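Residue-level listing of the chains:
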Amino acid sequence: MKKYIVPTIVFVLVATLIFIRYEIVAPARAAAHDLEAINGIAVGKTTEAELLGRPAFQKMDRQCFQADCMYHTQRTNHLLNALHLAPFTFFVTRVAVRDGMVTQVTVFMANRWLPALSLTQKMALPVECVSSPCVKRAVLPTKAVVGVMILFDNESELRYRMMEAAQPACLSRLHGCSTYDELMPLSKGLNLQADTQQPVSGK
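Treat the numbers as computed from the prediction; the structure is a model and nothing was measured.

A.B. asks: How would you sum up the pairing of strand E5 (residues 114–122)? Please name residues and give values.
C.D. replies: Extensive coverage of E5 is indicated by the burial of eight of its nine residues. When strand E4 (residues 101–111) meets E5, the two strands line up antiparallel, connected through seven bridges. Bridge pairing in E5 places threonine 106 opposite threonine 120. Two successive antiparallel strands, E4 and E5, enclose a turn made up of two residues. The sheet contact formed by E5 and strand E7 (residues 145–152) spans six bridges and is parallel. Looking at E7, one finds that threonine 120 is bridged to leucine 151.

Right, dumping it as structure tokens:
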């Protein structure tokens, strides 16, 4: 009987390691699929019927109130954070639909080191945006930056580059990602790190 104990322990350990590895990499893989699903969508042009022609949207969480619907995904590095191997990080995608037409597409991400970052395709940009993309910062009266928003319209090529809108590997990386260039490859060259150096509180 004793001769089976060691192989059994080894088997359990190997199975546990495989399970842990899967749980660590699964959110990153899922986030990559989420970004692929929203690539190329054009607000004001893509219909809900066209969305549902994409397999990912047939299984995606959908919430509606009257004529407005929202397709939503959220991925987190729950296990790495629980093991204290990385700060809590989450990625969200949202596609808003009104009367059967896509009206907004958003990728949102945050971790404890950086103010929240979002990339949003909108029907109409704010009047203060003189170009697309347009970078806006959410600033408290204390001058602390609590969020950075990148806005663009449906004429921008960014809608075809949503795979660069977030770095899914940040969800499975030990110690996470500590800069915007790591978190959102698409942001390189936009100098988003300026004036956002103070870490955000949180676990």
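A.B. asks: Could you give an account of the nonpolar core, with specific residues and numbers?
C.D. replies: Among the nonpolar cores identified, the biggest contains 37 residues, and Ile38, Phe57, Val95 and Leu119 are the most heavily contacted of them. Mapped by element, the contributors of at least two residues to this core are helix H1 (5–38), strand E2 (68–76), strand E3 (89–98), E4, E5, E7 and helix H5 (180–183). A per-element tally of this core places H1 first, with five residues. With residues near it in sequence (within four places) discarded, phenylalanine 57 still touches Ala37, Ile38, Ile41, Leu51, Leu52, Tyr71 and Val95.

A.B. asks: Go over the sheet that holds E2 with me, naming the residues and quoting the values.
C.D. replies: Ordered in space as E1-E2-E3-E4-E5-E7-E6, the seven strands form an open sheet in which the pairing is mixed. Of all the strands in the sheet, the pair left with one neighbour each is strand E1 (61–65) and strand E6 (134–139). Between one strand axis and the next, the sheet turns by 20 degrees as a mean value, whatever way the strands run. Summarising the sheet, E3 and E4 pair through ten bridges and their orientation is antiparallel. Residue pairing across strands places threonine 93 opposite valine 107, the latter belonging to E4.

A.B. asks: Before we move on, can you summarise the pattern of salt bridges with the specific residues and values?
C.D. replies: Within this structure, the stated rule accounts for eight salt bridges. For arginine 75, the salt bridge is made with aspartate 34, and the minimal N-O distance between the two is 2.7 Å. Taken together, the residues span a long stretch of sequence, with arginine 75 in strand E2 and aspartate 34 in helix H1 at a distance of 41 residues. Judged by relative accessible area, arginine 75 falls into the partly exposed class, the value being 27%. Across the pair aspartate 68 and arginine 98 runs a salt bridge whose closest N-O atoms are separated by 2.7 Å.

A.B. asks: So what about the packing of aromatic side chains? Which residues, and what values?
C.D. replies: The full count for this structure, using the stated rule, is three aromatic pairs. Measuring from centroid to centroid gives 5.4 Å for phenylalanine 57 and tyrosine 71, while their planes differ by 75 degrees, and the two rings are edge-to-face. Residue phenylalanine 57 is found in helix H3 (residues 55–59), and its partner tyrosine 71 is found in strand E2; the two are separated by 14 residues along the sequence. Comparing phenylalanine 57 with tyrosine 71, the two get one shared label, buried.

The rules we used
Residues numbered from 1 in each chain as written. Predicted model: local features only at pLDDT ≥ 70, side-chain atom pairs only at ≥ 80, totals over all residues. Heavy atoms only, no water. Buried < 20%, exposed > 50% of the residue type's maximum accessible area, 1.4 Å probe, protein only. Helix = DSSP H or I, 4+ residues; strand = E, 2+ residues; numbered from the N terminus. Pairing = 2+ DSSP bridges. Core = buried A, V, L, I, M, F, W, Y, C linked by side-chain atoms within 4.5 Å. Contact = heavy atoms within 4.5 Å. Axes fitted to C-alpha atoms, helices over the stretch in contact; angles between N-to-C directions. Salt bridge = Lys/Arg side-chain N within 4 Å of Asp/Glu carboxyl O. Phe/Tyr/Trp six-rings, centres within 6.5 Å; stacked < 30°, edge-to-face > 60°.

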